Amino acid sequence: MSRTTGRFLAGGVAVVLAVTAFSGVAAADTAPAPTGSAVVTENNTFLQAAASNGVFIVPLPNAGVSYDTTAGLSTSLPVTGGSVNLRGYYGNATLGGSLLFVDVFTGKSVLFKQLAFSADDWRLTGVPDGATDPVLLFKPAGLQRTEQSGTTQSLTASALTVDASGAQFLDGKLNTAFFTNGQAVGSFTLTVNG
């Protein structure tokens, strides 16, 4: 084999390897992000107690909100990414939208962005505006059921409670004594497709 033929052959192999590597990256980059939603339902008992203490939780875009006179206020947060295994208790599902906690009596507020459900901690978490570390806000409680069908996973919890660190953080930021560890909020569901 001549040197010229060897150069063409080596060049051709390099092009094939480059194209193969590039197409692998492109395939990974175009893999669909998971979809679904997390629904936090604040029951009427919690809503009334919070309101009487001047505390309001305001869902902000891209959160969806609905109210039912029996169930209470439901906030739907879209799943926007992450990788979670609910039955294995690891990973997280990142959620769209944000939550604004306001105390009208003290005039204080705190905004949580980068919401997620952490299967490692089994908590709904959020990063306070201007911070980098997530705060454990709420934990599923009561009767809990996880299911999987194909690539769809779901978690249904008959109760949702305030986490101890979330209560401490919120009371400190809002200058209130409303939030307590284990305080009943309502219920929680999470569905992740993909």
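Residues numbered from 1 in each chain as written. Predicted model: local features only at pLDDT ≥ 70, side-chain atom pairs only at ≥ 80, totals over all residues. Heavy atoms only, no water.

**Student:** Describe the packing of aromatic side chains, listing the residues and the values that go with them.
**Tutor:** Applying the stated criterion to the full structure yields nine aromatic pairs. Taken together, a centroid distance of 6.1 Å and an interplanar angle of 65° make the contact between Phe101 and Phe179 edge-to-face. Of the two residues, Phe101 sits in strand S6 (residues 98–103) while Phe179 sits in the loop between helix H3 (164–174) and strand S11 (184–193), which places them 78 residues apart along the sequence. The exposure class of Phe101 is buried, given its relative accessible area of 0%. For the pair Phe117 and Trp122, a centre-to-centre distance of 5.3 Å together with 75° between the ring planes defines the contact as edge-to-face. An identical accessibility class is assigned to Phe117 and Trp122; each is buried. Feature note: the residues Phe46, Phe101, Phe112, Phe138, Phe169, Phe178 and Phe179 constitute an aromatic cluster, connected by ring pairs. (Phe/Tyr/Trp six-rings, centres within 6.5 Å; stacked < 30°, edge-to-face > 60°. Helix = DSSP H or I, 4+ residues; strand = E, 2+ residues; numbered from the N terminus. Buried < 20%, exposed > 50% of the residue type's maximum accessible area, 1.4 Å probe, protein only.)

**Student:** Now, about the pattern of salt bridges: what can you tell me, with residues and values included?
**Tutor:** Two side chains bearing opposite charge may form a pair once their charged atoms approach each other closely. On inspection of all chains with the given rule, the structure shows three salt bridges. Note that Lys113 is salt-bridged to Asp129, the shortest N-O span being 3.4 Å. Here Lys113 is found in strand S7 (residues 108–118), whereas its partner Asp129 is found in the loop between strand S8 (123–128) and strand S9 (135–149), with 16 residues between them in sequence. (Salt bridge = Lys/Arg side-chain N within 4 Å of Asp/Glu carboxyl O.)

**Student:** Would you mind going over the pairing of S6 in detail, with residue names and values included?
**Tutor:** Here six bridges tie strand S2 (residues 55–60) to S6, and the two strands are oriented antiparallel to one another. Each residue of the ladder has a partner; that of Pro59, found in S6, is Leu99. Bridging between S6 and S7 involves five bridges; their strand directions are antiparallel. Bridge assignment links Leu99 to a residue of S7, and that residue is Phe112. With antiparallel pairing between neighbouring strands as the criterion, S6 and S7 make up a hairpin whose turn holds four residues, including Gly107 at a positive phi of roughly 75°. (Pairing = 2+ DSSP bridges.)

**Student:** An account of the environment of Val39 is needed here, citing residue identities and associated values.
**Tutor:** Within the secondary structure layout, Val39 lies in strand S1 (residues 35–42). The exposure class assigned to Val39 is partly exposed, which follows from its relative accessible area of 21%. As a C-alpha pair, Val39 and Pro78 span 39 residues in sequence and 8.7 Å in three-dimensional space. Beyond its immediate chain neighbours, meaning those up to four positions away, Val39 contacts Ser74, Thr75, Ser76, Ser187, Phe188 and Thr189. (Contact = heavy atoms within 4.5 Å.)

**Student:** Let's hear about H3: which residues, and what values?
**Tutor:** Looking only at H3, the buried set comprises Gly166, Ala167, Leu170, Asp171 and Leu174. Looking straight down H3, one finds that the buried residues subtend no more than 125° of arc, so they occupy a single side. Those residues of H3 that are exposed and angled more than 90 degrees off the buried face are Gln168 and Gly172. Elements that come into contact with the buried residues of H3 comprise S6, S7, S9 and strand S10 (152–162). Where H3 terminates, the next one or two residues include Asn175, which has phi positive at roughly 55°. (Arc of directions from axis to C-beta.)

**Student:** Quick one: what's the story with empty space enclosed by the protein, residue by residue and with numbers?
**Tutor:** All chains considered together, the criterion is met by one cavity of 30 Å³ or more. The volume enclosed by the largest cavity comes to roughly 60 Å³. Around the largest cavity, the lining residues are Val40, Glu42, Ile57, Thr75, Leu99, Phe138 and Val185. Taken together, the residues of the lining of the largest cavity break down into five nonpolar, one polar and one charged. (1 Å grid on protein atoms, 1.4 Å probe; cavity = no way out; pocket = protein on both sides within 12 Å on 5 of 7 lines; lining within 4 Å. Points joined across faces, edges and corners; volume = space filled by probe spheres on them. Nonpolar A, V, L, I, M, F, W, Y, C, P; charged D, E, K, R; others polar.)

**Student:** Lay out the nonpolar core in plain terms, naming residues and giving numbers.
**Tutor:** With 38 residues, the main nonpolar core has Phe101, Phe112, Phe117, Phe138, Phe179, Phe188 and Leu190 as its most contacted residues. Filtering out sequence-adjacent residues up to four positions away, Phe112 remains in contact with Ser98, Leu99, Phe101, Gly126, Val127, Pro128, Val135, Leu137, Phe169 and Leu170. (Core = buried A, V, L, I, M, F, W, Y, C linked by side-chain atoms within 4.5 Å.)

**Student:** Explain the environment of Ala159 to me, and be specific about the residues and the numbers.
**Tutor:** Considering the arrangement of structural elements, one finds Ala159 in strand S10. The sequence separation of Ala159 and Asn43 amounts to 116 residues, and the corresponding C-alpha distance is 9.8 Å.

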